Amino acid sequence: QAAPSLLKTAGEVLAEFRQEMEQKMLDFDIAPESFIKVSLNLSSKLKQVVPEERENGKITMEILKYLVYEAAEEANEEWIAYKEPSEFMDEVTVAIYKEGQAPPEVLEEINKGEMPDEVRGQQQALQQQQQRQEQQRAMKNDQEKQRNALKQAEGEGVEALNQNKRDRRTIEDYQRENKRAR
């Protein structure tokens, strides 16, 4: 925990973070690397804020991500910022790729979010149609298997089983049942 004299308001912490991200993006712009990963830790930022402002929602993970995205876009509009999957809610890694350097799976994920509703609807309709066709094929296969099984059974001379069952009751059981029936 920071000393009380080092604590700042939420606005000051966000302003510092924005400047830090802008500087990082400028450094990345002239660097030879094709991507940079920015780790965001919400709790570390909240520790810098005075206690009265910690719980008021002025600093959230969404705001921190927005500041990173904004800094990347200001540095170069062609860069791609992508939030990597994370299992923690207060820790996020944002990968920023220079133009043409993003892996195909990242591009696919980003473009998925930009699909118009019409295209999404068409894709869902196609998927449903394919599922229906697959179900119909499966039903036809099952019916064909049943027909084949019946044809084979007819050819082999099928006969009913358990026609000549024996009475397994004891004499005493039989006599008791006859007495009750009278």
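Residues numbered from 1 in each chain as written. Predicted model: local features only at pLDDT ≥ 70, side-chain atom pairs only at ≥ 80, totals over all residues. Heavy atoms only, no water.

### Side note on the confidence of the model for the protein chain
Then step 1. Residues with a pLDDT of 70 or more make up 90% of the protein chain, whose mean pLDDT is 83.
Then step 2. Within the protein chain, no element has a lower average pLDDT than helix H5 (residues 104–113), which sits at 73, and none a higher one than helix H7 (residues 171–181), at 90. (pLDDT = per-residue confidence, 0-100. Helix = DSSP H or I, 4+ residues; strand = E, 2+ residues; numbered from the N terminus.)

### Some details on the environment of tyrosine 82
Then step 1. Checked against the element boundaries, tyrosine 82 lands in strand E2 (residues 80–83).
Then step 2. Of the residues examined, tyrosine 82 reaches a relative accessible area of 17% and is grouped as buried.
Then step 3. C-alpha of tyrosine 82 to C-alpha of alanine 102: the two residues are 20 residues apart in sequence and 9.3 Å apart in space.
Then step 4. Beyond its immediate sequence surroundings of up to four residues, tyrosine 82 is in contact with Tyr69, Thr93, Val94, Ala95, Tyr97, Val106, Glu109 and Ile110. (Buried < 20%, exposed > 50% of the residue type's maximum accessible area, 1.4 Å probe, protein only. Contact = heavy atoms within 4.5 Å.)

### A few points about the side chain of lysine 45
Then step 1. Along the chain, the position of lysine 45 falls in helix H2 (residues 42–46).
Then step 2. Looking at lysine 45, the relative accessible area reads 14%, which means it is buried.
Then step 3. For lysine 45, the residues in contact, after removing those within four places along its chain, are Val13, Phe17, Glu20, Ile59 and Leu64.

### Re the packing of helix H1 (residues 10–30) against helix H4 (residues 61–75)
The description of two packed helices rests on the angle between their axes and on the distance between the axes.
Then step 1. Two elements in contact, H1 and H4, have axes separated by 9 Å at closest approach and are oriented at 35°. Here H1 runs over H4; the crossing is right-handed. Between H1 and H4, the residues in contact are Leu14, Phe17, Arg18, Met21, Glu22 and Met25 and Ile63, Leu64, Leu67, Val68, Glu70, Ala71, Ala72, Glu74 and Ala75, respectively.
Then step 2. Grouping the constituent residues of the contact of H1 with H4 by class yields 11 nonpolar, no polar and 4 charged. (Axes fitted to C-alpha atoms, helices over the stretch in contact; angles between N-to-C directions. Left-handed = near helix turned anticlockwise from the far one by under 90°. Nonpolar A, V, L, I, M, F, W, Y, C, P; charged D, E, K, R; others polar.)

### Observations concerning the side chain of glutamate 84
Then step 1. Along the chain, the position of glutamate 84 falls in the loop between E2 and strand E3 (91–97).
Then step 2. Judged by relative accessible area, glutamate 84 falls into the buried class, the value being 18%.
Then step 3. At 2.9 Å, the side chain of glutamate 84 forms a polar contact with the side chain of lysine 37.
Then step 4. Ignoring sequence-local partners within four residues, the contact set of glutamate 84 consists of Lys37, Thr93, Ala95 and Tyr97. (Polar contact = N/O pair within 3.5 Å; in protein donor to acceptor, adjacent residues only side chain to side chain.)

### Description of the packing of aromatic side chains
Then step 1. Applying the stated criterion to the full structure yields 2 aromatic pairs.
Then step 2. Ring centres of phenylalanine 28 and tryptophan 79 lie 4.9 Å apart, and the angle between their planes is 65°; on these two criteria the pair is classed as edge-to-face. Separated by 51 residues along the polypeptide, phenylalanine 28 in helix H1 and tryptophan 79 in the loop between H4 and E2 bring together distant segments of the chain. Take phenylalanine 28 and tryptophan 79: they sit in the same class, and that class is buried.
Then step 3. Relative to tyrosine 97, the ring of phenylalanine 35 lies with its centre 5.7 Å away and its plane at 35°, an arrangement referred to as tilted. Of this pair, phenylalanine 35 sits in strand E1 (residues 35–41) while tyrosine 97 sits in strand E3, and the two are 62 residues apart along the sequence. (Phe/Tyr/Trp six-rings, centres within 6.5 Å; stacked < 30°, edge-to-face > 60°.)

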